Amino acid sequence: VDLIKDEAGRVTGVTAKRDGAAVDYSGFGTMSKSKRNGVDPNAMIEQYGADTCRFFMMFTAPPEQTLEWSDAGIEGSYRFLKRVWNFGHLFATQIRAQLPATRALASAKLPENLAQLRREVHLLLKQANYDLGKQQFNTVASSTMKMLNAIEKAPRDSSLAAEVLEEAFGILLRVLSPITPHITHALWRDLGYGDDILAASWPEPLDAALVQDEVELVLQVLGKTRGSVKVPANADKAAIEALAVASDVAQKFMEGKPTKKIIVVPGRLVNIVV
């Protein structure tokens, strides 16, 4: 459809692109033939592909709710799937060649950047599996978008990085497969994961991937947030207090004053009172 707008940019009317006939427009509402405001699914599939249409519908609203049609939304879904396809090409042409003959990921000590990527993907997988059980497909779709964002930013310069990306992209494809079966089946087969993605086991988050060596706590001085401090994940209260007080940020804002009290909220913050 073509929108007719006034000088202020407000939509005042709508005409059909095909024949220029006026379309009944009264803001957002229900599609129907009588109102001539329907969207031809065959035209959308021809232009964007069935997977894009499925992803847009799943991502935009839960199945039991009304879907608000958006041309910009379906174009965004198309761009996302194009990014998935492009990373598949990148994996095939650059990353797969770095994979070792014998995989070491299960026993390797990963550098922090790769450990963080693996942890993020497995956390998103954990959330996606929970949402899938609740049939909340829109948030499952959202999790796959976050996975791809993390994967695209990851380093690709070592065999370990290639292994982490192989695992991460395999998880992404399987989580995405119920929503976009065609593109995921093609990539799964062409990238050497297997002959049929439907025959693959469903991914489950690994405890080993979720383990953190360090945690980052908010650092406060006199109740005001001044920065953060990293501490070992298994550090006790005394160790956390010592690391917080010794940090450069704390020393700057303590201005040489002695500590009166230190409040530690496990996993969240440290507040130094001077």
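For the structure, see preceding data.
About the thresholds
Residues numbered from 1 in each chain as written. Predicted model: local features only at pLDDT ≥ 70, side-chain atom pairs only at ≥ 80, totals over all residues. Heavy atoms only, no water. Helix = DSSP H or I, 4+ residues; strand = E, 2+ residues; numbered from the N terminus. Buried < 20%, exposed > 50% of the residue type's maximum accessible area, 1.4 Å probe, protein only. Contact = heavy atoms within 4.5 Å. Areas by Shrake-Rupley, 256 points an atom, 1.4 Å probe, with all protein chains shown as cover. Pairing = 2+ DSSP bridges. Axes fitted to C-alpha atoms, helices over the stretch in contact; angles between N-to-C directions. Parallel < 35°, antiparallel > 145°, perpendicular 65-115°, else oblique. Left-handed = near helix turned anticlockwise from the far one by under 90°. Nonpolar A, V, L, I, M, F, W, Y, C, P; charged D, E, K, R; others polar. Salt bridge = Lys/Arg side-chain N within 4 Å of Asp/Glu carboxyl O. Core = buried A, V, L, I, M, F, W, Y, C linked by side-chain atoms within 4.5 Å.

1. So, the overall build of the protein
At step 1: Scanning the protein from terminus to terminus reveals ten helices and seven strands.
At step 2: For the protein, buried positions account for 36% of its 274 residues.
At step 3: Considering only contacts in the protein between residues 6 or more positions apart, those separated by 24 or more positions represent 55%.
At step 4: Looking at the protein as shown, the accessible area adds up to about 16100 Å², and 52% of this sits on carbon and sulfur atoms.

2. Focus on the pairing of strand 5 (residues 224-232)
At step 1: In this structure, strand 4 (residues 214-221) lies alongside strand 5, joined through eight bridges in antiparallel fashion. Within the sheet, the bridge partner assigned to Leu-217 lies in strand 5 and is Val-229.

3. Focus on the packing of helix 3 (residues 71-95) against helix 5 (residues 137-153)
At step 1: Relative orientation of the contacting elements helix 3 and helix 5 amounts to 40 degrees, with a least axis distance of 11 Å. One way to sum up the angle between helix 3 and helix 5 is to call them oblique. For the crossing formed where helix 3 meets helix 5, the hand is left-handed. Here helix 3 contributes Phe-80, Arg-83, Val-84 and Phe-87 to the contact with helix 5, which in turn contributes Thr-144, Met-145, Leu-148, Asn-149, Ile-151 and Glu-152.
At step 2: In terms of residue class, the contact of helix 3 with helix 5 is made up of six nonpolar, two polar and two charged.

4. So, the pattern of salt bridges
At step 1: All told, the structure shown has six salt bridges when counted by the stated rule.
At step 2: Note that Glu-166 and Arg-103 form a salt bridge whose closest N and O atoms lie 3.0 Å from each other. Separated by 63 residues along the polypeptide, Glu-166 in helix 6 (residues 159-176) and Arg-103 in the loop between helix 3 and helix 4 (112-133) bring together distant segments of the chain.
At step 3: Between Glu-167 and Arg-118 there is a salt bridge, with its nearest N and O atoms 2.8 Å apart. Of this pair, Glu-167 sits in helix 6 while Arg-118 sits in helix 4; the two residues are 49 residues apart in sequence, bridging distant segments of the chain.

5. Focus: the nonpolar core
At step 1: Counting 43 residues, the largest nonpolar core has Val-84, Phe-87 and Phe-169 as its most contacted members.
At step 2: Of all the secondary structure elements, the ones that give two or more residues to this core are helix 3, helix 4, helix 5, helix 6 and helix 7 (181-190).
At step 3: Ranked by residues supplied to this core, first place goes to helix 6 with twelve residues.
At step 4: Here Phe-87 is in contact with Ile-95, Leu-148, Ile-151, Arg-156, Leu-165 and Phe-169, once residues within four sequence places are set aside.

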